[in-house]
Amino acid sequence: MPLYKEQGIVLRTMRLGEADRIVTLFTQGSGKVRAVAKGVRKTRSKFGGRLEPFSHVDLMLYRGRELDIVTACSTLATFRSIREDYSEFAAGEVILEATDRVAEERERNVRQFMLLLGALRALAGGQDPASVVDAYLLRTASLAGFRPHLRACASCGRPGPHARFSVAQGGLVCDSCRTATAVRVGESTVPYLAHLLEQEWAVRAPDDARREGSGLVRAYVEYHFDRPLRAWAHVPR
Ligand SMILES: [Zn+2]
């Protein structure tokens, strides 16, 4: 079994027997990796508390057929504040869940990795958790090939603004292209989402625009990823 070095972020952990754990990591160079951490649940474990969700770690791993084995681990960032603040934690859970959904096992995706690291830094840095979630989901959808159209009609390309948004059609739609699935949106909502998609992790916007925007992001991501985001409902908005 070849030994290799990686850095990654812990997405989740699962008990394995009395003392071990299966750790799911999203790594910079090898995509999603599932690995066994032996003895991690013993009090005198050589891994200490380093392999917890959100932790950014440097690792040595043995490559296995299905599961790898963690042989050494050191911490690059604990992101402890995310675990200790309810809003940050709830937002972080959505971010990890969405990453787990889109990441392919053993398939390098450096842009997604950097996006994840950026989102955790933004959260830990005190940016508004709900906005960071929305920005992360919009950008993740884009990297996965489902970039929402927020400036021009998703169907014919006619420049906006347009008053309706269709999850199924891929974003804003003009009056000629809209189907029955398109919903009317407030005029600040789409500019708010465009800012999160293209620029910063958080931005001031009216509460109703933020709420409506978050609802659209959730519907959009669940539609295109073909799966509900369970953790989404726990994020305070
Ligand atoms: Zn159109």
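Residues numbered from 1 in each chain as written. Predicted model: local features only at pLDDT ≥ 70, side-chain atom pairs only at ≥ 80, totals over all residues. Heavy atoms only, no water.

A. Just the coordination of the zinc ion, in detail. Within the protein, the atoms that donate to the zinc ion are Cys153 (SG), Cys156 (SG), Cys174 (SG) and Cys177 (SG), at distances of 2.3 Å. Considering all 4 donor atoms around the zinc ion, the spread of angles at the metal, 103 to 114 degrees, places the coordination shape in the tetrahedral class. Counting along the primary sequence, the residues that act as donors to the zinc ion give the motif C-x2-C-x17-C-x2-C. The exposure classification of cysteine 174 matches that of cysteine 177, with both residues buried. (Donors = N, O, S within 2.8 Å, 3.2 Å for Na, K, Ca; no water. Tetrahedral: all angles 85-135°; square planar, octahedral: opposite > 155°, others 65-115°. Buried < 20%, exposed > 50% of the residue type's maximum accessible area, 1.4 Å probe, protein only.)

B. Main features of the confidence of the model for the protein. Per-residue confidence for the protein gives a mean pLDDT of 94; residues scoring 70 or more make up 100%. Averaged pLDDT values over the elements of the protein bottom out at 94 in helix α1 (residues 80-84) and peak at 98 in helix α3 (residues 110-124). (pLDDT = per-residue confidence, 0-100. Helix = DSSP H or I, 4+ residues; strand = E, 2+ residues; numbered from the N terminus.)

C. Fine view of the sheet that holds strand β8 (residues 183-184). The strand order across the open sheet built from 3 strands is β7-β6-β8, with neighbouring strands paired in antiparallel fashion. Each edge of the open sheet is held by one strand with a lone partner, namely β7 (171-173) and β8. As judged from the 3 bridges shared by strand β6 (residues 164-166) and β7, these two strands associate in the antiparallel manner. If you follow serine 166 over to β7, its bridge partner there is glycine 171. (Pairing = 2+ DSSP bridges.)

D. Seen up close, the packing of helix α4 (residues 129-143) against helix α5 (residues 189-198). Contact pair α4 / α5: the axes reach a minimum separation of 8 Å and the direction vectors enclose 70 degrees. Comparing their axes, α5 and α4 come out roughly perpendicular. As α4 runs across α5, the sense of the crossing is right-handed. Counted together, Ser131, Asp134, Ala135, Leu138, Arg139 and Ser142 of α4 and Tyr192, Leu193, Leu196 and Leu197 of α5 form the full contact between these two elements. When its residues are assigned to classes, the contact of α4 with α5 shows 6 nonpolar, 2 polar and 2 charged. (Axes fitted to C-alpha atoms, helices over the stretch in contact; angles between N-to-C directions. Parallel < 35°, antiparallel > 145°, perpendicular 65-115°, else oblique. Left-handed = near helix turned anticlockwise from the far one by under 90°. Contact = heavy atoms within 4.5 Å. Nonpolar A, V, L, I, M, F, W, Y, C, P; charged D, E, K, R; others polar.)

E. Local environment of the sheet that holds strand β1 (residues 3-16). Reading around the circumference, β1-β2-β3-β5-β4 is the order of the 5 strands in this closed barrel, with mixed pairing throughout. On average, each strand axis in the sheet is tilted by 50 degrees relative to the strand beside it, whichever way the strands run. Alignment of strand β2 (residues 20-27) against strand β3 (residues 31-37), held across 7 bridges, turns out to be antiparallel. Residue pairing for β3: threonine 24 is matched across the bridge by arginine 34. In the packing of helix α2 (residues 86-102) onto the sheet, the strands contacted are β1, β2 and β3, and the crossing angle to β1 comes to about 115 degrees.

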